[in-house]
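# Close look at the chain arrangement
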Amino acid sequence: MNNEEHKGITLLKKGHKGLLHIVFSRIGLILLLLVLQVLLVGVAFYKFGEYLPWFYALVLVLGGVMVLYLLNNRMDPSVKVTWLIVFMLMPIVGVLLFWYTQSNLGHRALRDRVDNILTATRENLTQDPETAERLTEADPGAGALARYLMNTGGCPVYDGTDSAYFPLGEDMWEEMLRQLEQAQHFIFMEYFIVDEGEMWGQVLEILARKAKAGVEVRLMYDGFCELSLLPRDYPKRLEALGIRCKAFSPVTPFLSTHYNYRDHRKIMVIDGQVAFTGGVNLADEYINRKERFGHWKDTAVMVRGKAVQSFTLMFLQMWSVRERETEDFQPYLTVPVTVPERTAGFVIPYGDCPLDRDKVGEMVYIDILNRAQKYVHIMTPYLILDGELETALKFAAERGVEVTLILPGIPDKPMAYALAKGHYRSLLDSGVHIYEYTPGFVHAKVFAADGREAVVGTINMDYRSLYHHFECAAYLHGADCLPDIETDFQDTLAKCREVTYESVRREKWTTKALGVLLKAIAPLM
């Protein structure tokens with residue numbers, strides 16, 4: 001098959017994609033409210049000057065009440081600081097905005113449904129005590145992390161699983177097409193982004209053939225795709241091909257308090273035998289068939305064997321969120337699993353839900369940092385840190401661990417880029433090494449330590465991934481693919497420029513100023 005000549009199935013006419021709805025971004029909404037606050041104060045001065053003492057008294061009372069409320073709230077300290085700044089700039093409108101967002105309008109039903117599904121279905125998978133014990137004997141720290149993931153999310157640790165690491169999206173795509181061709185029973189796909197082009201076209205061609213042959217095919221993509229990539233009737237177009245399809249939590253402008261709780265996960269499960277996850281979405285830039293920000297550096301992992309069950313369960317849980325009744329998951333979780341002839345180490349597929357109080361994605365990263373003895377090597381597209389994660393990075397470096405981060409050299413979001421640079425000097429002061437990928441954009445989410453453990457998944461080092469999105473990843477301990485991850489890191493590092501005090505000093509003053517200003521509202525971005 002010649003990928004350059006074979007484009008696969010296309011359902012949309014060129015340029016005929018979903019229309020961009022009228023949606024306020026977080027920053028746009030804050031700026032709008034700031035202007036509204038200024039107008040309100042101006043009107044108050046002009047029309048009701050005699051009542052200004054009462055207005056100031058009201059502002060003081062509201063400010064005092066909100067400070068006391070925030071001090072006794074369980075939200076992250078960085079978020080508290082941001083809201084205090086919002087109250088300072090917009091004492092009236094800011095309070096209204098806070099209670100509007102805290103009301104969770106438009107997401108209460110989602111939160112309740114997700115909670116019910118997770119509670120009702122987490123018992124579908126149980127922990128094999130012998131496997132957990134062997135991991136603990138091999139590495140007590142990793143064993144403790146496994147217990148945390150099981151206790152908080154019902155995510156068992158598995159042996160009997162083989163893993164393969166892909167250093168580029170095009171590598172993963174090639175293997176994905178091979179595995180899809182072998183599907184006999186079911187194909188489950190859950191992706192943040194689906195966009196028509198060569199990558200999705202060839203995948204869709206196989207899915208249509210398999211569906212026609214009687215294979216059960218389901219696709220779920222995040223509702224955010226309907227803003228600009230896919231029309232709202234796209235699920236119906238796929239259903240005409242025999243593919244069950246739905247958009248997760250379609251965006252409804254002005255009815256939701258914010259546009260969090262996106263499904264940022266990337267999961268493909270084939271027959272309960274093979275699963276893929278990582279940073280790669282189903283769009284041409286992820287396989288460098290379309291250039292957006294220079295060369296697109298992404299990674300993924302494929303697991304074969306017992307651990308696939310957890311990815312199957314994660315997909316079915318999310319698929320059931322908008323269903324009236326939760327289906328029986330057992331037929332998909334009890335299929336006989338073919339254990340590869342050669343397996344090594346342990347695998348824990350896990351998810352992170354933004355609707356509970358467990359910051360699983362961040363806790364796993366912090367735990368790895370705290371247990372590392374030699375090095376922690378990280379690739380991430382974004383670096384928008386809260387106090388806990390920044391402290392963990394610095395503490396690891398200060399106790400002699402080599403902490404090295406690879407970030408994009410060409411950013412996709414200028415504001416996120418400026419915010420990342422706002423952390424550089426503090427991290428450099430503690431001995432953290434920072435590099436930027438000169439050929440283009442790094443979208444990989446890799447966290448590797450000491451040659452013994454690594455995480456490959458969808459979880460960025462920013463507030464959206466760590467607090468606001470549904471995410472997933474594979475934790476690998478002692479797996480055969482760990483040397484491949486380290487080799488890829490070193491190969492990528494050779495294509496990077498090092499961040500130094502001098503390069504930070506020479507940074508554009510506009511970028512520095514933007515980073516300083518945005519840091520005040522980073523949790524709301």
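The structure presented is a predicted model; accordingly, all values stated were derived computationally and were not measured.

### A word on the overall build of the chain
Within the chain, the regular secondary structure consists of 20 helices and 17 strands. Expressed as a percentage of the 525 residues in the chain, the buried residues total 56%. Counted over contacts in the chain with a minimum sequence separation of 6, partners at least 24 positions apart contribute 83%. Surface summary for the chain: the accessible area is close to 22800 Å², and the carbon and sulfur share equals 58%.

### What about the packing of helix α7 (residues 140-153) against helix α13 (residues 360-371)?
Angle between the axes and distance between the axes are the two parameters that describe a pair of packed helices. The N-to-C vectors of α7 and α13 enclose an angle of 170°; their axes lie 11 Å apart at closest approach. Comparing the axis directions of α7 and α13 gives the class roughly antiparallel. Taken together, the residues of α13 that come into contact with α7 (itself represented by Gly141, Ala142, Leu145, Tyr148, Leu149 and Thr152) are Val360, Met363, Val364, Asp367 and Arg371. Classifying every residue of the contact of α7 with α13 gives seven nonpolar, two polar and two charged.

### Observations regarding empty space enclosed by the protein
Tallying each qualifying case throughout the model produces one cavity of 30 Å³ or more. Contributing elements (two or more residues each) for the lining of the largest cavity: β11 (402-408) and α15 (414-421). The element that contributes the greatest number of residues to the lining of the largest cavity is α15, accounting for three residues. Looking at side-chain class alone, the lining of the largest cavity contains 11 nonpolar, no polar and two charged residues.

### Topic: the sheet that holds strand β12 (residues 433-437)
Strand order in this open sheet of eight strands is β9-β16-β15-β14-β10-β11-β12-β17, and the pairing throughout is mixed. Edge strands, defined here as strands with exactly one partner in the open sheet, are β9 (346-352) and β17 (496-498). Across the sheet, the mean angle separating the axes of adjacent strands is 20° when strand polarity is ignored.

### Some thoughts on the side chain of aspartate 271
The topology assignment puts aspartate 271 in the loop between β5 (267-270) and β6 (274-278). Buried and without a salt bridge, aspartate 271 has lysine 210 as its closest oppositely charged side chain, separated by 7.7 Å. A distance of 2.8 Å separates a polar atom in the side chain of aspartate 271 from the backbone nitrogen of glutamine 184. Here aspartate 271 is in contact with Gln182, Ala183, Gln184, His185, Phe186 and Val335, once residues within four sequence places are set aside.

### Here's the deal with the nonpolar core
Generally speaking, nonpolar side chains in soluble globular proteins are found buried as a group. One finds Met189, Trp200 and Tyr350 to be the most contacted residues of the largest nonpolar core, which totals 100 residues. With seven residues, the single largest contributor to this core is helix α9 (residues 198-212). Judged by nonpolar contacts, the second largest core, of 53 residues, contains Val114, Cys353, Leu482 and Ile485.

### Section: the pattern of salt bridges
By the definition in use, this model includes 34 salt bridges. Where glutamate 323 meets lysine 246, a salt bridge forms, and the shortest distance between an N and an O atom there is 2.4 Å. Here the residue glutamate 323 occupies a position in the loop between α11 (308-319) and α12 (330-333), and lysine 246 occupies one in strand β4 (residues 244-248), the gap between them amounting to 77 residues. We classify glutamate 323 as partly exposed; its relative accessible area is 31%. Where arginine 506 meets glutamate 502, a salt bridge forms, and the shortest distance between an N and an O atom there is 3.4 Å. Here arginine 506 falls in the exposed class, since its relative accessible area comes to 56%. It is possible to trace a salt-bridge network through shared partners that takes in Asp139, Asp367, Arg371, Asp450, Arg452 and Glu453.

Conventions adopted
- Residues numbered from 1 in each chain as written.
- Predicted model: local features only at pLDDT ≥ 70, side-chain atom pairs only at ≥ 80, totals over all residues.
- Heavy atoms only, no water.
- Helix = DSSP H or I, 4+ residues; strand = E, 2+ residues; numbered from the N terminus.
- Buried < 20%, exposed > 50% of the residue type's maximum accessible area, 1.4 Å probe, protein only.
- Contact = heavy atoms within 4.5 Å.
- Areas by Shrake-Rupley, 256 points an atom, 1.4 Å probe, with all protein chains shown as cover.
- Axes fitted to C-alpha atoms, helices over the stretch in contact; angles between N-to-C directions.
- Parallel < 35°, antiparallel > 145°, perpendicular 65-115°, else oblique.
- Nonpolar A, V, L, I, M, F, W, Y, C, P; charged D, E, K, R; others polar.
- 1 Å grid on protein atoms, 1.4 Å probe; cavity = no way out; pocket = protein on both sides within 12 Å on 5 of 7 lines; lining within 4 Å.
- Points joined across faces, edges and corners; volume = space filled by probe spheres on them.
- Pairing = 2+ DSSP bridges.
- Lys, Arg positive; Asp, Glu negative; His and termini not counted.
- Salt bridge = Lys/Arg side-chain N within 4 Å of Asp/Glu carboxyl O.
- Polar contact = N/O pair within 3.5 Å; in protein donor to acceptor, adjacent residues only side chain to side chain.
- Core = buried A, V, L, I, M, F, W, Y, C linked by side-chain atoms within 4.5 Å.

Function-wise, these values are silent; they only describe arrangement.
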